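Here's the letter readout for the chains.
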Amino acid sequence: GAVVSQHPSWVICKSGTSVKIECRSLDFQATTMFWYRQFPKQSLMLMATSNEGSKATYEQGVEKDKFLINHASLTLSTLTVTSAHPEDSSFYICSARKPRAREQYFGPGTRLTVT
Amino acid sequence: AQKITQTQPGMFVQEKEAVTLDCTYDTSDPSYGLFWYKQPSSGEMIFLIYQGSYDQQNATEGRYSLNFQKARKSANLVISASQLGDSAMYFCAMRELVEGNTPLVFGKGTRLSVIA
């Protein structure tokens, strides 16, 4: 099956700093990747759709200036949490789908803790 | 807009018994796909089973089967012969199968606990 990786798997940062999370599709090219956020004991909430070579599409209520998404290649999308605050502490999961495939593959997630 | 509803926050089942996890959905698109994912405490999302809106038969994958009732807009997951390792969060999700890359939308999930 397809594999999606994320790095780092967990990160602790101080309030006010920025954190970059990488999402890679390891054995297929993904023109589109999706970023989700999951708070404890809650569901996955779609943050944005990342399109290779163009601007990301953000869901309502997600601040695009705070959560910067860059999809520079067909195998890499990055999410940068800028000026992180404790309320940004969450589990961030990326996902990708092979072209014309129905299944959506998920990365292992990144647990962000902002102190 | 599409919507997924899972009304059972938590479920308990005895080991080796079968359990049904409920999922209802709402969409105006006639072409859609329904998915079930398992999320253990590690956080990874594990794909379990898929049902397309035009599929005539209910999907089955090993011990997992999907009870698809299109008129009722329900897609319940049935796990047979429960095992202790089945204890996890289970999410129902849907994607409208239109042109372009539409994302999966998830329900709130059901936490399944399998008791020995």
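Here is what the cut-offs are and how they apply
- Residues numbered from 1 in each chain as written.
- Chains lettered and ligands numbered in written order.
- Predicted model: local features only at pLDDT ≥ 70, side-chain atom pairs only at ≥ 80, totals over all residues.
- Heavy atoms only, no water.
- Phe/Tyr/Trp six-rings, centres within 6.5 Å; stacked < 30°, edge-to-face > 60°.
- Helix = DSSP H or I, 4+ residues; strand = E, 2+ residues; numbered from the N terminus.
- Buried < 20%, exposed > 50% of the residue type's maximum accessible area, 1.4 Å probe, protein only.
- Salt bridge = Lys/Arg side-chain N within 4 Å of Asp/Glu carboxyl O.
- Pairing = 2+ DSSP bridges.
- Contact = heavy atoms within 4.5 Å.
- Buried area = accessible area lost by both parts, 1.4 Å probe.
- Polar contact = N/O pair within 3.5 Å; in protein donor to acceptor, adjacent residues only side chain to side chain.
- Nonpolar A, V, L, I, M, F, W, Y, C, P; charged D, E, K, R; others polar.

Undergrad: Mind showing me how you'd approach the packing of aromatic side chains here?
TA: On inspection of all chains with the given rule, the structure shows 13 aromatic pairs over all chains. Relative to Phe106(B), the ring of Phe106(A) has its centre 5.9 Å away and its plane inclined at 65 degrees; by these criteria the two rings are edge-to-face. Linking Phe106(A) in strand E10 (residues 105-106) with Phe106(B) in strand E11 (residues 105-106), this pair reaches from one chain into another. Exposure remark for Phe106(A): the relative accessible area of 10% places this residue in the buried category. When the ring of Phe91(B) is compared with that of Phe106(B), the centres are 6.2 Å apart and the planes differ by 90 degrees; the resulting orientation is edge-to-face. A residue pair is termed long-range when its members are at least 10 positions apart, and Phe91(B) in strand E10 (residues 88-96) and Phe106(B) in strand E11 qualify at 15 residues. Pairwise contacts between aromatic rings join Tyr36(A), Phe106(A), Phe35(B), Tyr37(B), Phe47(B), Tyr50(B), Phe91(B) and Phe106(B) into one cluster.

Undergrad: Can you walk me through the pattern of salt bridges in this structure?
TA: All names here are of chain A. What the rule picks out here adds up to four salt bridges over all chains. Lysine 66 is the partner of aspartate 88 in a salt bridge, and the nearest nitrogen-oxygen pair spans 2.9 Å. Of this pair, aspartate 88 sits in the loop between strand E8 (76-81) and strand E9 (90-96) while lysine 66 sits in the loop between strand E6 (57-58) and strand E7 (67-73), and the two are 22 residues apart along the sequence. Overall, the relative accessible area of 4% leaves aspartate 88 in the buried class.

Undergrad: It is not clear to me how the pairing of strand E8 (residues 64-69) of chain B should be interpreted in this structure. Could you clarify?
TA: Note on strand geometry: in a regular strand, side chains alternate between the two faces of the sheet. Residues and elements named next belong to chain B. Burial of E8 is one-sided: the residues Tyr64, Leu66 and Phe68 facing one way are buried, the residues Ser65, Asn67 and Gln69 facing the other way are not. Where strand E7 (residues 60-61) meets E8, two bridges bridge the pair, whose relative direction is antiparallel. Each residue of the ladder has a partner; that of threonine 60, found in E8, is serine 65. Relative to strand E9 (residues 74-79), E8 runs antiparallel, the two sharing six bridges. Its bridge partner being in E9, phenylalanine 68 is matched across the sheet by alanine 75. Connecting the antiparallel pair E8 and E9 is a turn made up of four residues, with lysine 73 showing a positive phi of about 55 degrees.

Undergrad: In this structure, what is going on with the interface of chain A and chain B? I would like to understand it.
TA: A common way to state how big an interface is: give the accessible area lost once the parts meet. Taken together, the contact between chain A and chain B spans 17 residues of the former and 17 residues of the latter. Of the roughly 1500 Å² buried where chain A meets chain B, counting both sides, 55% is carbon and sulfur surface. Sorting the residues of chain A by area buried against chain B places Arg97(A), Arg102(A) and Phe106(A) first, and these three jointly supply 32% of that buried surface. Taken together, the links from chain A to chain B amount to zero salt bridges. Between chain A and chain B we count five residue pairs in polar contact (both at pLDDT 80 or more) in total. Those elements giving two or more residues to the side of chain A that touches chain B turn out to be strand E4 (32-38), strand E5 (44-51) and E9 of chain A. Broken down by element, the side of chain A that touches chain B gets its largest block of residues, four residues, from E4(A). The residue makeup of the side of chain A that touches chain B, split by class, is eight nonpolar, six polar and three charged.

Undergrad: Sorry, what's going on with unusual backbone geometry here?
TA: Note: most peptide bonds trans; most residues except glycine with negative phi. A cis geometry characterises the amide bond from His7(A) onward to Pro8(A), with omega recorded as 0 degrees. Along the chain, Pro8(A) turns up in the loop between strand E1 (4-7) and strand E2 (10-13). Phi is positive for Lys16(B), close to 80 degrees, though the residue is something other than glycine. With respect to the helices and strands, the residue Lys16(B) is situated in the loop between strand E2 (10-14) and strand E3 (19-21).

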